[in-house]
Amino acid sequence: MSMKVRRLGRDTLDLLLLIFLLGGAVVALLGAEFFPTELAGTVEPIAQGPSFRHILGTDTLGRDMLARLLEGMRTTMGVGIGATLLAIILGSIYGGLAGLAGPRTDEAMMRGVDVGFALPYMFLVILLVSFFGRSMTLLFIALGLVAWLPLARVVRAGVRNLRHEPFLEAARMMGGSHGYVLRAHLFPQLGTPLVVYATLMLPVVMMQEAFLSFLGLGVKPPMASWGTLVAEGVERMETAPWILIVAGGSLALWLIGLHLAGDRLARRLNVHRTTGTPEKIMAVGPAPDGQDQEDGGAAS
Amino acid sequence: MAPPAVTDNTGEERAPLLPFSPLLRRRLLTALPTLFVIVTLTFILTRAAPGGPFGKEREMPEAVRENIEHRYGLDRPVYEQYLRFWGNLLIGSLGPSFQQPERSAFGVLIEGLGPSLIVGLSALLVALILGIGGGTLAVLRPASTPVVSIAALVALAVPVFVLGPMLVRFVAIGLGLLPAALWGSPSHVVLPALTLGIPVGGALARFWRAVLAESIELPECIAARARGLGEWQLVWRHAARKSLPLLLNYIGPMLAGLVTGSVVVEKIFSIPGMGRCFIDSALARDYPVVIGATLIYAFILLVVHTLVDLSHLRLDPRLRKEHTEWTEADRALRRKRRAAARAAKQSRGT
């Protein structure tokens, strides 16, 4: 009985979470379209607290905070989703090929991923956007280029596990190329872990976008992002605290929701999150006789 | 953990020094390319970027600009600049800072390193206390599990740049308890350390809870419980010890989080640290400082990864045994190769 009640409660919670996330996404994508334009552009009351006319107050240039927030949500979500998609595509192609390739190529490819992991990549992204000017495209490419590394590892491990399954041998024996085998046989199998990983990664990427925008390295000023709104709130935190509270609070709430969703999805689909499975350090080393090890690239 | 001394076939006894263990050699083998890639990548980024440190936006006569660029070698071909840069780096110099020409880039960075390290280490302390404490509590007191998980999730999800300003607004300005920004006294460390440590601590709590819950189910832990060991003793003596290697693995990602977060924390609290120095220099195109900062960060990450590997050897006797055998095999292989080479040389000679 109590099991049933608990499960029902959990299902309801999941449903509410889903509604919250989907609702947020829809509002972010469409909100700015339906927003009363005469409110979005007003300039008279500068940095005013919440009122009936401006539910969330106005910002330092007299723009309605709600309108700004909707725009910021759209930017951050757009960049976040785009970069995650880019990462999935890059990661699955790279990881898939490494998994299918011979031991030497695989070793070399995964060693490359290791080097990528050792880079302080956030700093490279900061350099990239601060040198080449701020634009949404650059931002999304830069973040996507960072996020594909763990996905490549996940896909490679999955492919490695499936490599000797009969259906794959059959596909290869029929003369299927690497690309064909990946597309037609492997990706459908790897869909579940990929989806879970993408969900877990989405809040991280969105936070990175907001992080860069907060530092003033994100989108250009007339455009808003969640990060620039928070930055604005920080500047006016004593005279207009609602800007910080609205922007920061909504961002935090949204990220909490996304993290929770990733957790729930992982549990429901029964995918083990990387709690850091025990790695044998020796797997990193060369086999003393110089022959390749089966799983050389997996460790640290 | 000293492996037995190995006698070379030349007869002399060679002390099996740790620095030459294959594990470290292996680490070095990835570390050097990594450093190389970082230097090259940052160099290319700086040179490929449109505009420059002495760009058009600053007003100066053409002759003056040419003079300055000549002074820093910016008028040379790029490959020459690159080679020069490496040459300087090998003797431990990054050249003068572009922004503060009277100081060396390393000098600028070293000055920022102190505050950054203080904030980073105290944040690490905060994260460890929160993470280990919260995780252990959640495992030992099942009633507290939901509270801990929710708190950990919230802590993990709230970005540093939201948490920091909120703390400043409500604790420093609202309650007037602690200084809101700047640097100097120990009380200036508290808020930055909390800001940086709480999110990392949340992630750590989740991780530690999962790991500990798994190792407490191990046969030896069940046996210990059957012998009547108290719960805290059980965790302290058995489960935590079993989970320690996994915790070590987690330090890498944790450190990356701390280092990245430190940039934004230093900006929020106006701390004269390396992270802020990095951002300012990136925006001002102070190339030597930027490359140097990236290099130092990468170096810290590499050193920590290596230390983590070595402490695995200290913690896990199975790995130690494996490593000793592996070292032996590696030595044997090298000896064989040397002997073969010598034989080949002799046969050529005769």
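Residues numbered from 1 in each chain as written. Chains lettered and ligands numbered in written order. Predicted model: local features only at pLDDT ≥ 70, side-chain atom pairs only at ≥ 80, totals over all residues. Heavy atoms only, no water.

## Focus: the overall build of chain B
A count of helices and strands for chain B gives 12 helices and two strands. The N-to-C order of helical and strand elements in chain B reads β-β-α-α-α-α-α-α-α-α-α-α-α-α. Sorting the 350 residues of chain B into buried and exposed places 47% on the buried side. Of the roughly 17,600 Å² that chain B leaves accessible, carbon and sulfur atoms contribute 66%. (Helix = DSSP H or I, 4+ residues; strand = E, 2+ residues; numbered from the N terminus. Buried < 20%, exposed > 50% of the residue type's maximum accessible area, 1.4 Å probe, protein only. Areas by Shrake-Rupley, 256 points an atom, 1.4 Å probe, with all protein chains shown as cover.)

## A few points about the overall build of chain A
Of regular secondary structure, chain A possesses 10 helices and zero strands. Within chain A, the fraction of its 300 residues that count as buried is 51%. Pairs at least 24 apart in sequence give 70% of the contacts found in chain A among residues at least 6 apart. A total accessible area of about 14,100 Å² is found for chain A, and carbon and sulfur atoms account for 67% of it. (Contact = heavy atoms within 4.5 Å.)

## Regarding the packing of aromatic side chains
The final tally for this structure, using the stated rule, is eight aromatic pairs over all chains. A ring pair is formed by Phe36(B) and Trp86(B), whose centres lie 5.8 Å apart and whose planes are at 20 degrees; its orientation type is stacked. Here Trp86(B) lies in helix 3 (residues 78-90) and Phe36(B) lies in helix 1 (residues 22-48), a separation of 50 residues in the sequence. Joined through ring pairs, the aromatic side chains of Phe20(A), Trp226(A) and Trp254(A) make up one cluster. (Phe/Tyr/Trp six-rings, centres within 6.5 Å; stacked < 30°, edge-to-face > 60°.)

## Comments concerning unusual backbone geometry
In this model, Ser270(B) sits at a positive phi of 50 degrees, which is unusual for a non-glycine residue. Structurally, the position occupied by Ser270(B) is in the loop between helix 9 (231-268) and helix 10 (274-284).

## Some details on the environment of Val246(A)
Residues and elements named next belong to chain A. Along the chain, Val246 turns up in helix 10 (residues 241-268). With relative accessibility at 17%, the residue Val246 sits in the buried group. Through-space distance from the C-alpha of Val246 to that of Leu69 is 8.4 Å; in sequence the pair is 177 residues apart.

## As for the pattern of salt bridges
If you walk through the whole model with that rule in mind, you get five salt bridges over all chains. The residue Asp263(A) makes a salt bridge to Arg206(B) at a minimum N-O spacing of 2.8 Å. Taken together, the residues span two chains, with Asp263(A) in helix 10 and Arg206(B) in helix 7 (residues 187-215). Side by side, Asp263(A) and Arg206(B) carry an identical accessibility label, which is buried. Taking the shortest distance from any N to any O, the salt bridge between Lys242(B) and Glu220(B) comes out at 3.1 Å. Of this pair, Lys242(B) sits in helix 9 while Glu220(B) sits in helix 8 (residues 219-226), placing them 22 residues apart in sequence. (Salt bridge = Lys/Arg side-chain N within 4 Å of Asp/Glu carboxyl O.)

## Here we look at the confidence of the model for chain A
Residue and element names in this part refer to chain A. Chain-level pLDDT for chain A is 75 on average; 79% of the residues reach the 70-or-more range. For chain A, per-element mean pLDDT is lowest for helix 2 (residues 37-40), which scores 57, and highest for helix 3 (residues 65-100), which scores 85. Here residues 273-300 is modelled with pLDDT under 50, and outside its nearest four sequence neighbours on either side it reaches 67 contacts, counting other chains as well. (pLDDT = per-residue confidence, 0-100.)

## Section: the interface of chain A and chain B
A common way to report how large an interface is uses the accessible area buried once the components associate. Facing 53 residues of chain A, the contacting portion of chain B comprises 64 residues. For the pairing of chain A and chain B, the buried interface totals around 5,100 Å² over both sides, and the portion due to carbon and sulfur atoms is 79%. Our count for the chain A to chain B interface comes out at one salt bridge. Counting across the interface, chain A meets chain B through one residue pair in polar contact (both at pLDDT 80 or more). The set of elements that each furnish at least two residues to the side of chain A that touches chain B consists of helix 4 (103-118), helix 5 (121-131), helix 8 (178-214), helix 9 (226-235) and helix 10 of chain A. Element by element, the count of residues in the side of chain A that touches chain B is highest for helix 10 of chain A, at 12 residues. When the residues that make up the side of chain A that touches chain B are grouped by side-chain class, the tally is 35 nonpolar, 10 polar and eight charged. (Buried area = accessible area lost by both parts, 1.4 Å probe. Polar contact = N/O pair within 3.5 Å; in protein donor to acceptor, adjacent residues only side chain to side chain. Nonpolar A, V, L, I, M, F, W, Y, C, P; charged D, E, K, R; others polar.)

## A word on a nonpolar patch on the surface
All names here are of chain A. Together, Leu15, Leu16, Leu18, Ile19 and Leu22 make up a nonpolar patch on the protein surface, roughly 510 Å² of accessible area in all. Note on placement: Leu22 falls in helix 1 (residues 2-34). Overall, Leu22 belongs to the exposed group, its relative accessible area being 52%. (Patch = residues over 30% accessible without salt bridge, like charges linked within 9 Å, V, L, I, M, F, W, Y side chains within 5 Å.)

## Considerations on the side chain of Thr195(B)
Residues and elements named next belong to chain B. Residue placement: Thr195 occurs in helix 7. Of the residues examined, Thr195 reaches a relative accessible area of 0% and is grouped as buried. At a separation of 2.7 Å, a polar atom in the side chain of Thr195 contacts the main-chain carbonyl oxygen of Leu191. The contact partners of Thr195, leaving out residues within four places of it in the chain, are Val160, Leu163, Gly164, Leu167, Val265 and Phe269.

## Concerning helix 8 of chain A
Taking 1.5 Å of rise per residue, 37 residues should cover 54 Å, yet helix 8 of chain A covers just 43 Å from first to last C-alpha, more than 12% shy of that figure. The axis of helix 8 of chain A is deflected most strongly, by about 55 degrees, at Phe187(A), and proline Pro188(A) appears within four residues downstream. (Expected span 1.5 Å × (residues − 1). Bend = angle between axes of the 7 residues up to and from the residue.)

## As for the nonpolar core
Core analysis: the biggest nonpolar cluster contains 148 residues, and Leu212(A), Leu215(A), Val230(A) and Phe161(B) have the highest contact counts within it. Per-element tally for this core: the top contributor is helix 8 of chain A, with 15 residues. Setting aside residues up to four positions removed in sequence, Leu215(A) forms contacts with Ile126(A), Val263(B), Val264(B), Lys267(B) and Ile279(B). In terms of nonpolar packing, the next biggest core, distinct from the first, is built from five residues, Leu248(B), Leu301(B), Val304(B) and Val308(B) among them. (Core = buried A, V, L, I, M, F, W, Y, C linked by side-chain atoms within 4.5 Å.)

## Some details on the confidence of the model for chain B
Residue and element names in this part refer to chain B. The pLDDT averaged across chain B works out to 78; a share of 85% of its residues lies at or above 70. Here residues 1-19 scores under 50 on pLDDT; set against residues more than four positions off or in separate chains, the count is 31 contacts. If you check the scores for this complex, the pTM reads 0.77 and the ipTM reads 0.73.

## A closer look at the packing of helix 8 of chain A against helix 9 of chain A
All names here are of chain A. Two numbers describe how helix 8 lies on helix 9: the axes approach to 7 Å, and their chain directions differ by 45 degrees. The angle between helix 8 and helix 9 falls in the class oblique. In this structure, helix 8 meets helix 9 at a crossing whose hand is right-handed. Contact with helix 8, carried on its side by Ala210, Ser213 and Phe214, involves Gly227, Thr228, Val230, Ala231 and Val234 of helix 9 and no other residues of that element. Its residues assigned to classes, the contact of helix 8 with helix 9 shows five nonpolar, three polar and no charged. (Axes fitted to C-alpha atoms, helices over the stretch in contact; angles between N-to-C directions. Parallel < 35°, antiparallel > 145°, perpendicular 65-115°, else oblique. Left-handed = near helix turned anticlockwise from the far one by under 90°.)

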